[in-house]
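Inside the fold
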Amino acid sequence: MNPLLKEIQHNKLLWLLVFVPVVIAGHNLRPDAHTLLFVLSVLAIVPLAALLSHATESVAAKTGDAVGGLLNATLGNLTELVIALTALRAGQYVLVKASLAGAIVTNTLFMLGASLLLGGLKYHEQEYNRISARMQAGLLFLATVALLIPSVLAQADSVAGAAFTEKLSLSLSVLLMIAYGLGMLFSLKTHRELFASAESGEGGHAPWPMGLSLATLAGVTVLVAMVSEIFVESVQQAAEAFGMSSAFVGFIVVALVGGAAEMASAFSGARKNRLDLSVGIALGSASQIALFVAPVLVLVSYVIGPTPMDLQFWPSAVVMMFIATITASMVTNSGRSAWFVGVLLLMVYAIFAMTLYLLPPRVA
């Protein structure tokens, strides 16, 4: 337990763990205080996500590249997955789809943009492996096309009914998971020499013992599930109290909260001139959500959801994901970056966030 206690002592973000028992107690004592529970659950999820991320990295560091990559694929976005599963079981498909689209856009624009800005403010120019960045952007483009098709057909073709959209979404989910698996095989096995870092920066912390890492993963996953249930129960009423739609909460708030730990790692890597790490976290996490998390939720909805979930997003969400993917492809094409490139990405994200807040998307 000593490594865990030392990490909590030295990482100020983990001091927010005090809100975990507070929000659980508050839910038992004041279940109708939705706005307060919403704020407390957000404050509790952030440190849990950070702890989950650290434990995942420790397990991956001891299992080798192939297994480590699989672990990062399945556990790297576990916070978002647990929140989405909780909302899925509650039948809040608008929140689920908004959180998926928001996570993709937030990781692609906000996380990547802030990393490039923070790194560029410290270093005049930074380099990274553009082959790796272009592959992740290519995977994102593939996923965006797969999400675009059901939405376009549903809007343009009156013959395409709910049954057709459901079957198409199920088939596309299987294809996306196959594409993600082949992408992992390509980058971790057959052509892994192409994905070496462009620079060597400061190393990370020593990994935890395997037993402690696995115990932390199990314990934190249970806590995230408990807090996520409180979050999903309170989000609708809290959104109305703050004058926000549930789509805005899912697209912006849930994405920022769920990705807090990954953002901290990406920002730290950029400041240490390890921009490959930052770009890999931002684009890799976005492609994981698009190619792995979203298809898993479609498949799981047949088991735990009130009705099967499809991949039909509202048009504005698809447009934003498509623009974010194209923007990321353009800015990462050179393998070099400066601070103003990060500003451009952040400005695009700010345009999206402002638009969603002032004019929430109409959802059928």
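Scroll up a little and you will see the structure.
Let me sum up the structure you'll find in this document. Quantities reported herein were computed from a predicted structural model and do not represent experimental measurements. Sequence order as written defines the numbering, with residues in each chain counted from 1. Note on the predicted model: pLDDT of at least 70 is required for a residue's local features to be given, and 80 or more for side-chain atom pairs to be given and counted; whole-chain, interface and lining totals, by contrast, use all residues. Computation of side-chain values covers all heavy atoms of the structure but excludes hydrogens and water.

Our focus in this paragraph is helix 2 (residues 19-29). Restricting attention to buried positions, one finds in helix 2 the residues Val20, Val23 and Gly26. All buried residues of helix 2 lie within an arc of 135° about the axis, which places them on one face of the element. For helix 2, exposure combined with an orientation more than 90 degrees from the buried face picks out Asn28 and Leu29. Only protein chains enter the accessibility calculation, which uses a 1.4 Å probe. A residue is then buried if its area is under 20% of the maximum for its type, exposed if over 50%, and partly exposed in between. Here a helix means four or more residues in a row that DSSP labels H or I, a strand means two or more in a row labelled E, and each is numbered from the N terminus. Here the arc refers to the set of directions running from the helix axis out to each C-beta atom.

Turning next to the packing of aromatic side chains. Two aromatic rings from Phe, Tyr or Trp, using only the six-membered ring of Trp, form a pair when their centres are within 6.5 Å; if the ring planes differ by under 30 degrees the pair is stacked, by over 60 it is edge-to-face, and anything between is tilted. Taken as a whole and assessed by the stated rule, the structure comprises six aromatic pairs. Between Phe38 and Phe231, the ring centres sit 5.5 Å apart and the planes meet at 25°, which makes this aromatic pair stacked. With a gap of 193 residues between them, Phe38 in helix 3 (residues 34-75) and Phe231 in helix 8 (residues 210-241) connect regions that are remote in the sequence. Across the pair, exposure class does not vary: Phe38 and Phe231 are buried alike. Pairing Phe141 with Phe322 gives two aromatic rings, centres 6.0 Å apart and planes at 45°, and the pair type is tilted. Of this pair, Phe141 sits in helix 6 (residues 130-156) while Phe322 sits in helix 12 (residues 315-331), and the two are 181 residues apart along the sequence. Phe322 sits in the partly exposed class, given a relative accessible area of 32%.

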